[in-house]
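What follows is each chain in one-letter form.
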Amino acid sequence: MAQQYNNPNAQNIKKRYSVLVFIKGSTAPLVLYVKDPQQLYDDLLNLMQSQKNVLFERETEGPIKKACFLSNQIAAVAIQEEQYM
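Residues numbered from 1 in each chain as written. Predicted model: local features only at pLDDT ≥ 70, side-chain atom pairs only at ≥ 80, totals over all residues. Heavy atoms only, no water.

**Section: the side chain of S71**
In plain terms, the rule: Helix and strand definitions here come from DSSP, where helices need a minimum of 4 consecutive H or I residues and strands a minimum of 2 consecutive E residues; each element is numbered from the N-terminal end. Two N or O atoms count as a polar contact when they lie within 3.5 Å, although within protein this holds only if one can serve as hydrogen donor and the other as acceptor, and sequence-adjacent residues are included solely when both atoms are side-chain atoms. Here, two residues are considered to be in contact whenever any of their heavy atoms come within 4.5 Å of each other.
For S71, the location among the structural elements is in the loop between β4 (66-70) and β5 (74-84). At 3.4 Å, the side chain of S71 forms a polar contact with the backbone oxygen of K52. Residues in contact with S71, not counting those within four places in the same chain, are L47, K52, N53 and V54.

Written out as structure tokens, the structure reads:
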């Protein structure tokens, strides 16, 4: 943390947020970048709490351009903060 204060490039450090979707049986989560990560997180949380099995499809802004999965296959969701320059 102290390195940030001595680093002249520290002002260039930005934060972005992604939503991690852990799919049952998968070893790695889907990392989804969207404009409103909190809204996506809330939508996925509501799907997990619902008794209905729904096909979820969403276009994203990161390396994954479109994601599709069944709501009953979601094991967990998380919001991740990333720093970049």
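**With respect to helix α2 (residues 37-49)**
Rule in force here: Expected helix span is given by 1.5 Å per residue-to-residue step, counting one fewer step than there are residues. Each residue is assigned to one of three classes by its accessible area relative to the maximum for its type, calculated with a 1.4 Å probe on protein chains only: buried under 20%, partly exposed between the two thresholds, exposed over 50%. This arc is taken over the directions from the axis of the helix to the C-beta atoms.
Under the 1.5 Å per step criterion, the end-to-end length of α2 is 18 Å for 13 residues, consistent within 8% with the ideal 18 Å. Buried residues of α2: P37, L40, L44 and L47, and no others. Buried residues of α2, viewed axially, fall in a sector of 85°; they line one side. Close packing links the buried residues of α2 with β1 (14-23), β2 (30-32), β3 (55-59), β4 and β5.

**A closer look at the nonpolar core**
This is how it is decided: What is meant by a nonpolar core is a set of buried Ala, Val, Leu, Ile, Met, Phe, Trp, Tyr and Cys residues, joined one to another through side-chain atoms within 4.5 Å.
Among the nonpolar cores identified, the biggest contains 13 residues, and V21, L40, L44, F56, F69 and I74 are the most heavily contacted of them. The set of elements that each furnish at least two residues to this core consists of β1, α2, β4 and β5. Ignoring any residue separated from it by four or fewer positions in sequence, one finds L44 in contact with V19, V21, F56, F69, I74 and V77.

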